[in-house]
Amino acid sequence: QVQLVESGGGLVQAGGSLALSCVASGLTFSDYAMGWFRQAPGKEREFVAAISLNGIRTYYGDFVKGRFTISRDNAKNTMYLQMNSLKPEDTAVYYCAAPSPLVAGTPLQMGEYDYWGQGTQVTVSS
């Protein structure tokens, strides 16, 4: 059974930083690209970042603009999202996700992800 557990969310002032983690179990982590998504109240879930299975290739949503960094440690079955220069509009629940094993490459679309964590709340105050 695949399990993804996020941590690291919290309340931070605008301009501050947070580091999210996602620990995976029940799958061979190094065989999966991974992604972060977020969902703000009243809005659709959107793509934040994705990383290839070996960590060499990374992809970001347009709104990130160099503020976030996705990374992974396959030895620890863990993915990270370092978020800097946070803005109030970054307030959302952030989800870790793993794609269907049938999907090749590093998917960027929510529909290509089969496994989801429970989410961690990030709140940025102005």
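Data block above holds the structure.
Residues numbered from 1 in each chain as written. Predicted model: local features only at pLDDT ≥ 70, side-chain atom pairs only at ≥ 80, totals over all residues. Heavy atoms only, no water.

Caption draft 1: Highlighting the pattern of salt bridges. Overall, the coordinates contain 3 salt bridges when judged by the stated rule. One salt bridge in this structure joins E46 and R38, with 2.6 Å as the shortest N-O distance. Note that D90 is salt-bridged to R38, the shortest N-O span being 2.8 Å. You can see D90 sitting in the loop between strand 8 (78-83) and strand 9 (92-99) and its partner R38 sitting in strand 4 (residues 34-39), a full 52 residues away along the chain. Connected through shared salt-bridge partners, R38, E46, R67 and D90 make up one network. (Salt bridge = Lys/Arg side-chain N within 4 Å of Asp/Glu carboxyl O. Helix = DSSP H or I, 4+ residues; strand = E, 2+ residues; numbered from the N terminus.)

Caption draft 2: Quick look at the state of the cysteines. Tallying each qualifying case throughout the model produces 1 disulfide. Each disulfide pairs two cysteine sulfurs, and for C22 the partner residue is C96, the sulfurs being separated by 1.9 Å. Residues C22 and C96 are joined through a disulfide that is left-handed, its torsion about the S-S bond being -55 degrees. Pair noted here: C22 is in strand 3 (residues 18-25) and C96 is in strand 9, with a separation of 74 residues, a long-range link. Summarising the burial analysis for this pair, C22 and C96 share the class buried. (Disulfide = S-S within 2.5 Å. Buried < 20%, exposed > 50% of the residue type's maximum accessible area, 1.4 Å probe, protein only.)

Caption draft 3: Highlighting the sheet that holds strand 7 (residues 68-73). The 4 strands lie next to each other as 1-3-8-7, forming an open sheet whose pairing is antiparallel. Each edge of the open sheet carries a strand with a single partner, namely strand 1 (3-7) and strand 7. Averaged over neighbouring strand pairs, the angle between their axes works out to 15 degrees when direction is ignored. Sheet topology places strand 7 next to strand 8; 6 bridges connect them, and they run antiparallel. When the sheet's bridge partners are listed, D73 is paired in strand 8 with T78. (Pairing = 2+ DSSP bridges. Axes fitted to C-alpha atoms, helices over the stretch in contact; angles between N-to-C directions.)

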